[in-house]
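Observations on the three-dimensional arrangement
Spelled out, the chains give:
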Amino acid sequence: MIIAIDGPAAAGKGTLARRLADHLGYAYLDTGSLYRAVAVMVLHRNGAPDNVEAATEAARTLDLDLLGSPDLRTGEAGAAASKVAAIPSVRAALTGFQRQFATHPPGNAGGAILDGRDIGTVICPDADRKLFVTASVEARAERRFKELQERGEAAIYARVLQDMRERDARDAGRSDAPMKQADNAILIDTSSMTPDEAFTAALDVIEDAG
Ligand code: DC
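The text that follows walks through the structure, step by step, so that each part is easy to find. (Residues numbered from 1 in each chain as written. Predicted model: local features only at pLDDT ≥ 70, side-chain atom pairs only at ≥ 80, totals over all residues. Heavy atoms only, no water.)

For the rest of this paragraph, the subject is the overall build of the protein. Looking only at helices and strands, one finds nine helices and five strands in the protein. Each helix (α) and strand (β) of the protein, taken in turn from the N terminus, gives the series β-α-β-α-α-α-α-β-α-β-α-α-β-α. In terms of overall size, the protein behaves like a compact globule, its C-alpha atoms giving a radius of gyration of 16 Å where 210 residues would be expected to give roughly 17 Å. C-alpha extents for the protein along the principal axes are approximately 50 × 35 × 30 Å. In the protein, which comprises 210 residues, the proportion classed as buried is 49%. A total of about 10100 Å² of accessible surface is found on the protein, and carbon and sulfur atoms cover 50% of it. Charged side chains of the protein number 24 positive and 31 negative; the gap between the two group centres comes to 3 Å. (Helix = DSSP H or I, 4+ residues; strand = E, 2+ residues; numbered from the N terminus. Rg over C-alpha atoms; globule rule 2.2 N^0.38 Å. Buried < 20%, exposed > 50% of the residue type's maximum accessible area, 1.4 Å probe, protein only. Areas by Shrake-Rupley, 256 points an atom, 1.4 Å probe, with all protein chains shown as cover. Lys, Arg positive; Asp, Glu negative; His and termini not counted. Charge placed at Lys NZ, Arg CZ, Asp CG, Glu CD.)

Turning to its location among the elements, Lys130 is positioned in strand E4 (residues 129-134). In terms of polar contacts, Lys130 uses its side chain to reach the backbone carbonyl oxygen of Gly120, at 2.9 Å. With sequence-adjacent residues up to four places away left out, Lys130 is seen in contact with Ala4, Gly120, Cys124, Pro125, Ala182, Asn184, Ala185 and Ile186. (Polar contact = N/O pair within 3.5 Å; in protein donor to acceptor, adjacent residues only side chain to side chain. Contact = heavy atoms within 4.5 Å.)

Attention now moves to the sheet that holds E4. Pairing is parallel in the open sheet, where five strands are placed in the order E2-E3-E1-E4-E5. Only two strands of the sheet have a single partner each, and these edge strands are strand E2 (27-30) and strand E5 (186-189). Strand-to-strand twist across the sheet, computed as the mean angle between neighbouring axes with direction ignored, equals 20°. Two elements, E2 and strand E3 (residues 112-116), share four bridges in a ladder whose sense is parallel. Among the inter-strand pairings, Asp30 is bridged to a residue of E3, identified as Asp115. Along the sheet, helix H1 (residues 13-24) makes contact with strand E1 (2-6), E2, E3 and E4, crossing E3 at roughly 180°. (Pairing = 2+ DSSP bridges. Axes fitted to C-alpha atoms, helices over the stretch in contact; angles between N-to-C directions.)

Another aspect to go through is the packing of aromatic side chains. Within the structure shown, the criterion is met by one aromatic pair. Where Phe145 meets Tyr157, the ring centres are 6.0 Å apart and the plane angle is 80°; that geometry is what we call edge-to-face. Of this pair, Phe145 sits in helix H7 (residues 137-150) while Tyr157 sits in helix H8 (residues 157-173); the two residues are twelve residues apart in sequence, bridging distant segments of the chain. The class for Tyr157 is partly exposed, based on a relative accessible area of 27%. (Phe/Tyr/Trp six-rings, centres within 6.5 Å; stacked < 30°, edge-to-face > 60°.)

Rendered as structure tokens:
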């Protein structure tokens with residue numbers, strides 16, 4: 001069983017995917033963390049995230065130990081991830097790992113849940129279930145703003161909103177594997193849902209579709 005969950009930044013897909021994976025006993029891969037790790041490798045080497053050679057080299061030699069690092073969660077890493085993610089050779093270098101995870105989930109789990117931008121369209125077009133989880137840009141900026149405040153990072157709401165708009169435009173506007181709802185994906189808009197409501201709605205989709 002392969003479940004693809006795509007959608008824009010801060011729509012709640014990570015929390016939702018992790019919870020579904022726990023509930024169903026499936027393996028979970030946050031594919032955004034792969035692009036974040038590539039971006040952080042480039043930044044650590046004082047490279048520019050839009051430098052094709054530097055980003056491709058980082059993607060080809062990706063250090064999987066970086067995936068759990070808190071360095072990946074900063075606003076800077078997210079913005080840089082969106083830049084490395086626009087480079088086709090970076091995406092190509094990460095495709096095999098994601099497909100292998102989906103078809104052979106670790107720990108012999110009975111299924112895999114992958115979240116990202118292009119899982120239902122490019123990485124796993126034959127996924128058994130596809131969800132597109134979104135929310136208004138204002139709702140997402142509000143959530144990201146609160147998250148930054150809770151982590152003690154200085155943040156200005158108007159700036160967070162602008163960054164979110166720029167990131168959406170870059171992720172949806174790139175030519176290679178742009179963020180897009182797959183034709184057969186079910187839309188869940190979490191703008192006015194609690195995390196519990198989003199979980200119930202997603203589980204309904206997964207179980208009903210079966
Ligand atoms: O989901 P996230 O915020 O951790 O993702 C960081 C960036 O990585 C995002 O702006 C776009 C990119 N990304 C992608 O292009 N394809 C994916 N499957 C996942 C993330």
